[in-house]
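# Structural overview
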Amino acid sequence: MRNFLRFLLIFLICLVILGLGIVGFMWLTSQQPQFTPSSIEPPAFLVGVEVANRVPVTFEVASQGTVSPRTATVLVAQVSGEITEVMPSFVTGGFFKKGDELLKVDPRNYETAIVRADLTLARAKTRLATESALTGYALDDWKRLQELDPARLEATDLALRKPQLEEVMAEYEAAKAELDKAKEDLERTTIRAPYDGLVRQKMADVGQFVNTGFQLARTVAVDYAEVRLPIALSELQFVELPNGTDGTPLPVKLRAELGGESSEWDAKIVRTEGIIDEQSRVIHAVAQISDPYDIANGGQKLLRFGTFVHARIQGNDGGDLFVVPRHAVRNGTTMWIVLEDNTIQPREVSVVRSDEDFSYISNGINEGDVFCVTPIDRPLPGMKVRFDE
């Protein structure tokens, strides 16, 4: 009996504990806040934008090339002999004026040749005078014979000494020519500059024996510099190049980085080479720059031969076009327009031309349209964007 009461008591205690647990759980459940699920909008993509405006456009064609002299010459010796004197300007990189002495060849042999030619001419002159007198005497003799015997035939040229006179006259002319040549050879012992220029490469020096035709130096003129500018065939529709050497010169801007600074020069396209390169499929236009070394002290920046330059050639008038950054046009024809609700929509545009920096658009967008200039990874129509006003 006692065990039964003990068991009943334990059962009642467990029942009370279980009931209190259920009541406590129900109370805690009633105290929890009620959460209402809500939709979360995706964040707006931050982009850079610009406003579309039509502007007058004059196309430019970009190219590049190396500055070279218009005139280059190999100076050669016209006489043989030892080089006895070299002028200070006759060094690699030395400047000279037209007619300046550059070097001298030993003239003694040629001075002797003049003395001999003078002697030969004097002898020829004496023979000519003698033969002229003899010819006159022969004619007088023949006239006297004619008076004594009118039936005589006409005198022959040999009888009148005409062949002899022609021979000594030819000898006299040859002697004069030899003297002129000896004087010219003596003059050629002094090598003079053919134009205003500089020595590109010195190839002979004092004490050296040279023969006729020996190369003395490579020189270049400094009156003009030229740049061969390759132009792709697809760019020809945007520029009117001179046809060969005919046509109006085109303005061109040349730019180069020299000593950490950007320098510019004004030049003109004066001709085209007229031949399309078979491998690169380009045509070369030739830009010309006057006085590249500023010899005239006109204040022009120095443009040395061999400088690599970038060129921008003035092209045709393109009319009023939308000029947008090139990377704002995706896949060559698509722009993303920002609508009033800050969503983006694609727009197909007509691109007239694209260069390194810009695309030129004729149709597809309107004046005042706001468009994205920031490349968006996998853009979708209706995507929200934000930008700084």
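From a predicted model like this one, the values you see are computed outputs, not experimental measurements.

### Section: the confidence of the model for the protein
Taken residue by residue, the protein gives an average pLDDT of 85. The fraction at 70 or more is 82%. In the model of the protein, helix H1 (residues 2-31) stands out as the element of lowest mean pLDDT, 66, in contrast to strand E11 (residues 215-221), which has the highest, 95.

### Quick word on the sheet that holds strand E6 (residues 95-96)
Read from one edge to the other, the open sheet built from four strands follows the order E4-E11-E9-E6, with strand pairing classed as antiparallel. A single partner strand is all that each edge strand has here, and the edge strands are strand E4 (72-76) and E6.

### Considering the pairing of strand E20 (residues 358-363)
Pairing of strand E16 (residues 308-325) with E20 involves four bridges; the strand directions are antiparallel. Opposite Val 324, over in E20, you have Ser 359 as the bridge partner. One ladder, built from four bridges, connects strand E19 (residues 350-354) with E20; its direction is antiparallel. Counted as the bridge partner of Arg 353 is Tyr 360 from E20. What sits between E19 and E20 in their antiparallel hairpin is a turn of three residues.

### With respect to the environment of Pro 381
Locating Pro 381 in the fold gives a position in the loop between strand E21 (370-372) and strand E22 (385-386). The spatial distance from the C-alpha of Pro 381 to the C-alpha of Thr 343 is 7.6 Å, given a sequence separation of 38 residues. Sequence-distant contacts of Pro 381, that is, excluding residues within four places in its chain, are made with Trp 336, Ile 344, Gln 345 and Pro 346.

### Examining the side chain of His 284
Turning to its location among the elements, His 284 is positioned in strand E15 (residues 282-290). Residue class for His 284 comes out buried when judged on its relative accessible area of 12%. In this structure the side chain of His 284 is engaged in a polar contact, spanning 3.3 Å, whose partner is the side chain of Arg 228. Setting aside residues no more than four positions away along its own chain, His 284 makes contact with Arg 228, Leu 229, Pro 230, Thr 272 and Glu 273.

### Some remarks on the sheet that holds strand E10 (residues 209-210)
In space, the four strands of this open sheet follow the order E8-E7-E5-E10, with antiparallel pairing throughout. Both edges of this open sheet fall to strand E8 (190-192) and E10, since each of them pairs with a single strand only. As paired strands, strand E7 (residues 101-105) and E8 are joined by three bridges and run antiparallel to one another. Counterpart to Lys 104 in the pairing with E8 is Thr 190.

### Let's talk about the pattern of salt bridges
Enumeration over the complete set of coordinates arrives at 19 salt bridges. Between Arg 192 and Glu 101 there is a salt bridge, and its shortest N-O distance comes to 3.5 Å. Pair noted here: Arg 192 is in strand E8 and Glu 101 is in strand E7, with a separation of 91 residues, a long-range link. Note on Glu 101: relative accessible area 27%, which makes it partly exposed. Asp 266 serves as the salt-bridge partner of Lys 253, at 2.7 Å between the closest nitrogen and oxygen.

What counts and what doesn't
- Residues numbered from 1 in each chain as written.
- Predicted model: local features only at pLDDT ≥ 70, side-chain atom pairs only at ≥ 80, totals over all residues.
- Heavy atoms only, no water.
- pLDDT = per-residue confidence, 0-100.
- Helix = DSSP H or I, 4+ residues; strand = E, 2+ residues; numbered from the N terminus.
- Pairing = 2+ DSSP bridges.
- Contact = heavy atoms within 4.5 Å.
- Buried < 20%, exposed > 50% of the residue type's maximum accessible area, 1.4 Å probe, protein only.
- Polar contact = N/O pair within 3.5 Å; in protein donor to acceptor, adjacent residues only side chain to side chain.
- Salt bridge = Lys/Arg side-chain N within 4 Å of Asp/Glu carboxyl O.

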